[in-house]
Amino acid sequence: MPFTLATWNINSVRLRADLVARLLLEEAPDVLCLQECKSPVDKIPLETFVALGYTHMVARGQKGYNGVAILSKLPLEDAGAEDFAALGHARHVAARLENGVTIHNFYVPAGGDKPDRDINVKFGQKLDYLTEMRDWFRNEAPQKSILVGDLNIAPREDDVWNHKQLLRIVSHTPIEVDHLGAVQEAGAWVDITRKDIPQGQLYSWWSYRSPEWDAADKGRRLDHVWATADIANAGHSSRVLRPARGWEKPSDHAPVFATFDL
DNA sequence: ATGGTGGAGGATCCA
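Reading the values: the criteria
Residues numbered from 1 in each chain as written. Chains lettered and ligands numbered in written order. Predicted model: local features only at pLDDT ≥ 70, side-chain atom pairs only at ≥ 80, totals over all residues. Heavy atoms only, no water. Salt bridge = Lys/Arg side-chain N within 4 Å of Asp/Glu carboxyl O. Helix = DSSP H or I, 4+ residues; strand = E, 2+ residues; numbered from the N terminus. Buried < 20%, exposed > 50% of the residue type's maximum accessible area, 1.4 Å probe, protein only. Contact = heavy atoms within 4.5 Å. Pairing = 2+ DSSP bridges. Axes fitted to C-alpha atoms, helices over the stretch in contact; angles between N-to-C directions. 1 Å grid on protein atoms, 1.4 Å probe; cavity = no way out; pocket = protein on both sides within 12 Å on 5 of 7 lines; lining within 4 Å. Points joined across faces, edges and corners; volume = space filled by probe spheres on them. Nonpolar A, V, L, I, M, F, W, Y, C, P; charged D, E, K, R; others polar. Core = buried A, V, L, I, M, F, W, Y, C linked by side-chain atoms within 4.5 Å. UniProt positions renumbered as here; feature names shortened; annotations may be inferred. Near = heavy atom within 4 Å. Polar contact = N/O pair within 3.5 Å; in protein donor to acceptor, adjacent residues only side chain to side chain.

Enquirer: Any details on the pattern of salt bridges? Residues and values, ideally.
Expert: Scanning the entire structure with this criterion turns up 15 salt bridges. When the shortest N-O distance is used, the salt bridge between Glu27 and Arg239 registers 2.4 Å. Taken together, the positions of Glu27 in helix H1 (residues 17-27) and Arg239 in strand E13 (residues 236-240) put the pair 212 residues apart, joining distant regions of the chain. Judged by its relative accessible area of 37%, Arg239 is partly exposed. Across the pair Asp159 and Arg194 runs a salt bridge, and its minimum N-O distance is 3.0 Å. In this pair, Asp159 is assigned in the loop between strand E8 (145-150) and helix H4 (163-166) and Arg194 in helix H6 (residues 192-196), connecting sequence segments 35 residues apart. As far as burial versus exposure is concerned, Asp159 and Arg194 are alike and both buried.

Enquirer: Just give me the short version of the environment of Gly187, but keep the residues and values in it.
Expert: Position of Gly187 among the secondary structure elements: in the loop between helix H5 (174-186) and strand E9 (190-191). Classification of Gly187 by relative accessible area gives buried; the value is 5%. In sequence terms Gly187 and Arg91 are 96 residues apart; their C-alpha atoms lie 19 Å from each other. Contacts of Gly187, omitting those with residues within four sequence positions, involve Phe137, Pro142 and Thr228.

Enquirer: Requested: an account of the sheet that holds strand E3 (residues 56-60), with residues and values cited.
Expert: Spatially, the six strands line up as an open sheet ordered E3-E4-E2-E1-E14-E13, and their pairing is mixed. The sheet terminates laterally at E3 and E13, the two strands that pair on one side only. Adjacent strand axes in the sheet meet at a mean angle of 15° when their direction is disregarded. In this fold H1 packs onto strand E1 (2-9), strand E2 (31-35), strand E4 (68-72), E13 and strand E14 (256-261), with an angle of close to 155° to the strand it touches most, E2.

Enquirer: Give me the lowdown on the layout of surface pockets, citing residues and values where you can.
Expert: The calculated volume of the largest pocket comes to roughly 1000 Å³. Around the largest pocket, the lining comprises 34 residues; the ones closest to its centre are Ala110, Gly111, Gly112, Asn152 and Arg209. Class assignment of the residues belonging to the lining of the largest pocket gives a composition of ten nonpolar, 13 polar and eleven charged.

Enquirer: Would you mind going over the side chain of Ser12 in detail, with residue names and values included?
Expert: Relative to the elements of secondary structure, Ser12 occurs in the loop between E1 and H1. Discounting residues that sit within four places of it in the chain, Ser12 has contacts with Glu36, Cys37 and Lys38.

Enquirer: Now, about the nonpolar core: what can you tell me, with residues and values included?
Expert: In this structure, Ile146, Val225 and Phe260 are the most contacted members of the largest nonpolar core, which totals 31 residues. Counting residues in each nonpolar core, the second largest holds 21 residues, with Leu24, Tyr54, Ala59 and Trp247 among its members.

Enquirer: Tell me what's going on with the UniProt feature "site: Important for catalytic activity" (unreviewed entry) in chain A, and back it up with residues and numbers.
Expert: Here, UniProt's "site: Important for catalytic activity" (unreviewed entry) annotation points to Asp223. Topologically, Asp223 is positioned in strand E12 (residues 223-227). Judged by its relative accessible area of 0%, Asp223 is buried. When residues no more than four places from it in sequence are discounted, the contact partners of Asp223 are Asn9, Gln35, Gly149, Asp150, Ser204, His253 and Val256.

Enquirer: Give a description of the protein's contact with DNA strand B that names residues and reports values.
Expert: DNA strand B sits among 15 residues. The nearest are Ser12, Leu15, Arg16, Lys63 and Arg209. Considering DNA strand B, the proportion of its atoms within 4 Å of the protein that are sugar or phosphate atoms stands at 62%. Interatomic distance of 3.1 Å between a side-chain N/O atom of Arg16 and a phosphate oxygen of DNA strand B. One nitrogen or oxygen atom from the main chain of Tyr208 is found 3.2 Å from a sugar or linking oxygen belonging to DNA strand B.

Enquirer: Please provide a residue-by-residue account of the UniProt feature "active site" (unreviewed entry) in chain A, values included.
Expert: Listed under "active site" (unreviewed entry) in the UniProt record, and renumbered for this structure, are Tyr107, Asp150 and His253. Despite a sequence span of 147 residues, these residues sit close together in the fold, their greatest C-alpha distance being 12.7 Å. Put simply, the named residues that line the largest pocket are Tyr107, Asp150 and His253. Inspection of the secondary structure assignment puts Tyr107 in strand E7 (residues 102-107). Of the residues examined, Tyr107 reaches a relative accessible area of 7% and is grouped as buried. Contact partners of Tyr107, with chain neighbours within four places excluded, come to Asn9, Gln35, Glu36, Asn66, Val68, Arg91, Asp150 and Asn152. Separated by 3.3 Å, the side chains of Tyr107 and Glu36 make a polar contact. Positionally, Asp150 belongs in strand E8.

Structure representation (structure tokens):
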């Protein structure tokens, strides 16, 4: 049966609870993974989502920053959370569906402005976070798993609006792309979005600082859906809900969808 | 090299 999942960096789940509700109403994914909730778990407006049939949630939160949540129409079991690089941040949570599929929801550190760990602690933390993700998946050998989230890296040339111009911009530097590739390899993860949409420019994020985001289209594909081979080998399809970037008071990210034949 | 916008929380920190 088809199973539809979406991932969305919401940039404050409390400020944009109405946008989340709109997405759930109009698109009705089975599961919605949110990042940057910027809220303690007990202040997430769960009633709004429960009223729309999303009666299950697994989340980790903190005041003001970070925060990840998995909303679901289907029962979920909390499958834990990791604190890679010991940052003390709510950047990961996992949940298990009754069919045994595990969902990992990640918000990888953005990494600051300068792509040099000697002068920018945040860049070093981002690389360390990815290295610990890699080591963890090397030990776990994930199966029947889906990994989604704002990974804050656009790995391919056609994942950014201008490859050459962004080579020294955090999110597209070769060292970040290498680190992300090592995570992918360690878990034998398949990039579902790019399996389904292999050709052409594809973005999920457009900066607030760029007016005319739609016309200028200076985007990056920072939001990802990966799956292990047992899931990826069955049928699947993907899309980016770009219009959501143009909704009133939008997040700077658009939701990424994947539908699997589970 | 710089600044551009937006969220949290009430000064800056973060993206």
